[in-house]
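# Residue-level structure breakdown
This is what each chain is made of:
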Amino acid sequence: MLERTKSQATLTAPSDVRLIDLEHLQGILLRQARIILLCLGLGLLVGVIIVITAPRTYQAASQIVIEGQVDKLAPEPRSGGGRLDMEGQILNQMEVIGSSRLARIVAEKEQLTTDQVFLNPPPTGMETARAFVGDAIGRVLGRPPVPREVLTEAPLELVVDALRGGVQVQRVGRSSVIWLGYQSHDAQLAYRIVNAYTAAFVRDQLNADLEVTREAADWLGERLIELGNSQLEAALEVDEFRRASGLTVAADVEFTNRRLQLLTDQISEAKTKATDLEVLVARLKQVDLEDAHQVVATAGLLSAENSAGNEAVAVLRDTFAHAERRIVEISERFGPGHPQIALLRQEQRAAAMQLAGRLEAQLDRYVSELQVAQSRVDLLDAQVEEEGRAATETNQALTQLLKLEERSETLNSIYRAYLSRYEETIQEQSFPIPAARVISDASFPRSATGPRTLFTLAGGLVFGGFLGLALSALNEMRERSFRLGSQVTRETGLRFLGYMSAMPTPSGDRSVQARKVQQDIRKQITSRRSNLPTTLLTETLKAAKVAALSRRVADKGVVVGVVSALPGEGKTSFAIALAELAVTDGYVTLLADGDVRRASASTLLAPKHQLGLEDIAQGLPWQHALFKDPLGFDVVSARSSSTPALNGSDIGSPHMQRLLDEAREAYDMVIIDLPPIGAMVDAVSIQPWTDGFILVTEWGKTPRRVVKAVIEREPQIAEDIIGVVLNRVRIEKLQRYSNPGDTERFVVQYPDYLRTPDPVA
């Protein structure tokens, strides 16, 4: 088994990725320049025809200023601006001018339903062309020509529609001025219609102002009557309520408020006194009257109505305290059993009993006062509640009175405002101010305004340009084949080897054409000299030779297969030319015709040689089947002298493997012309014993999708493809498909190095 020496091709991303490729767009425009120029000429011709055939038109125009008056009729402004939106007024007036009502007024005034000039305009260019085509078809069919119908009268609705279609209304800048124009084939007719439209619009605005003023006055009068009745009813309700409430509502409110304040102060004072009494009663009830010391300690709560009572309490307390001190002194001096101590204790009990009696009397008085204070608090609470109810009723009555007075005053103010506006409206009826006036009367048109020659011709050029761009885009989208080597590299990731130019071929049999092409290629190869310009074909063959020899290992030869995606792409011519170039460069070369079904290489080089691959498969040494080409390279034919075996030994048989193993030792370069890889598997079967493949694709014919599909379907073949050659290239057209900056655009700048072939007819 042979080892393949190859490196897998890798895809490299472009270094200048741009959003819009301007050079590519420029290349497209240069390629499609003929179509674009042709369409531009066609568009210009259409514009010239339109200018010549279109009838002359005349335009008359006037200017009207809109002065808003309608906002004065509004009772009150609806927004903070105080005026209706002027923008809306201008747009409304423009719609009024273009309305069917105003068109009907103009049509009736100018009697356009029977106006022959208006009803029978000259035919347009399209109508003339349509009539010409119709008459021509009628003459072919034997029909008499149909004369153009002349109208004497038309329905009013049709006239109104036609009139509205010819009226032009525009706003002058951001001002309140409206430009009103009409365009017609007759200058007098345009002048009449514009003047009639202007007068009708101004009169319509004046009538509209009067009508609006009249309606506003009627509406204001009705509102005044309603407001007068409502105002009178409100005043009567106020008077009636005052009489019913005694006319003292405000005074009652003030008196009630004072009473409530006084009662509030009294109840606060009474509650404070009751609270103090409750505290004293509670403390007195806690005193144990049997405990002399506790009674004396609580004697401070006693209060007398006069100074004598206070002195008596003080004497009793002093007596108790003096006896207490004497008891202590005697006990310390004579002991607790001294008789004097008993007398002193009797004196203390007598003083304590008198104080206890006074405390009981004081407690009874505090209890009586507490009952009186609580009774007063309850009485004051009842009085406050009663006064509160009275205050609530008084406040409600006062609130109702204020509402009635406010409603009466509001109605009175509205009535006065409406009365003032009503008087202003009545005055405006006697002296109306129109909302529109003419600031520029229509002048009689002296020269034609249409058709606009420059505009029409420019439109024709624009139309032609768009048509040319559309057709150019369609042509570019229809371009599905390879035209440039950069396309091959970008879309397949394979190396591009070069171009093989198309050769002039005589008409007739295909075999004769192929032989003539082969003779021309051999002549280019054998006639090349180091001091003379070469050709793209020989340069491509040299690039293919160098790429193939780069797969060579040590001193062994290199085995290269030549394939194509589809039949008839010129792979056989390329394989023969590569062999011819290699042998003329001094390399020992073998060309094997592996396409046993067509045997194109065998037919061109050895048409009478009868030993071939089938004989080798049946045991004949391959050296005995060789044919020596006059140029010096050996050929293994695909033809055979024997009948093919029933089992059909293919090119991937062991005999072919042995042939290639031995040929690699005997030759520098072994070139195999293989069947197309689009539908055949011969290249796949021989792939393990080769060093690579050269893919030949026909320029401008083989679809790119087919080539990419074949590469995707046969990845092992794609990995071994040394490079791609574009065959049958029209060198004179190659520059059209290249972008600015591509090397293909500079081929003609190498006259000392390259000579371009004669254009193929």
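Not measured: the values here are computed from a predicted model. (Residues numbered from 1 in each chain as written. Predicted model: local features only at pLDDT ≥ 70, side-chain atom pairs only at ≥ 80, totals over all residues. Heavy atoms only, no water.)

What follows covers the packing of helix 15 (residues 510–526) against helix 17 (residues 571–584). The N-to-C vectors of helix 15 and helix 17 enclose an angle of 25°; their axes lie 10 Å apart at closest approach. It follows that helix 15 is roughly parallel to helix 17 by the angle criterion. Judged by the twist between their axes, the crossing of helix 15 over helix 17 is right-handed. Facing helix 15, whose interface residues are Q518, I521, R522 and I525, helix 17 presents S573, I576, A577, E580, L581 and T584. Its residues assigned to classes, the contact of helix 15 with helix 17 shows 5 nonpolar, 3 polar and 2 charged. (Axes fitted to C-alpha atoms, helices over the stretch in contact; angles between N-to-C directions. Helix = DSSP H or I, 4+ residues; strand = E, 2+ residues; numbered from the N terminus. Parallel < 35°, antiparallel > 145°, perpendicular 65-115°, else oblique. Left-handed = near helix turned anticlockwise from the far one by under 90°. Contact = heavy atoms within 4.5 Å. Nonpolar A, V, L, I, M, F, W, Y, C, P; charged D, E, K, R; others polar.)

Summed over all chains, the structure comprises 23 salt bridges. In this structure, D629 and R522 form a salt bridge, with 3.2 Å as the shortest nitrogen-oxygen distance. One end of the pair, D629, is in the loop between strand 8 (626–628) and strand 9 (634–636); the other, R522, is in helix 15, with 107 residues separating them in the sequence. You can call D629 buried: its relative accessible area is 2%. Through salt bridges that share partners, E87, R171 and R174 make up one connected network. (Salt bridge = Lys/Arg side-chain N within 4 Å of Asp/Glu carboxyl O. Buried < 20%, exposed > 50% of the residue type's maximum accessible area, 1.4 Å probe, protein only.)

Take the sheet that holds strand 5 (residues 496–501) next. Across a sheet, strands are paired by hydrogen bonds formed along the backbone, either parallel or antiparallel in direction. The sheet built from 8 strands is open, its strands ordered 5-12-11-6-10-7-9-8 with mixed pairing. Single-partner strands in this sheet number two, and they are strand 5 and strand 8. With strand direction ignored, the average angle separating the axes of adjacent strands in the sheet is 25°. As defined by bridge partners, strand 5 adjoins strand 12 (residues 721–729) across 4 bridges and the pair is classed as parallel. From the neighbouring strand, F496 faces strand 12, where its bridge partner is V724. Of the strands in this sheet, strand 5 and strand 12 are in contact with helix 14 (residues 485–492), which crosses strand 5 at around 140°. (Pairing = 2+ DSSP bridges.)

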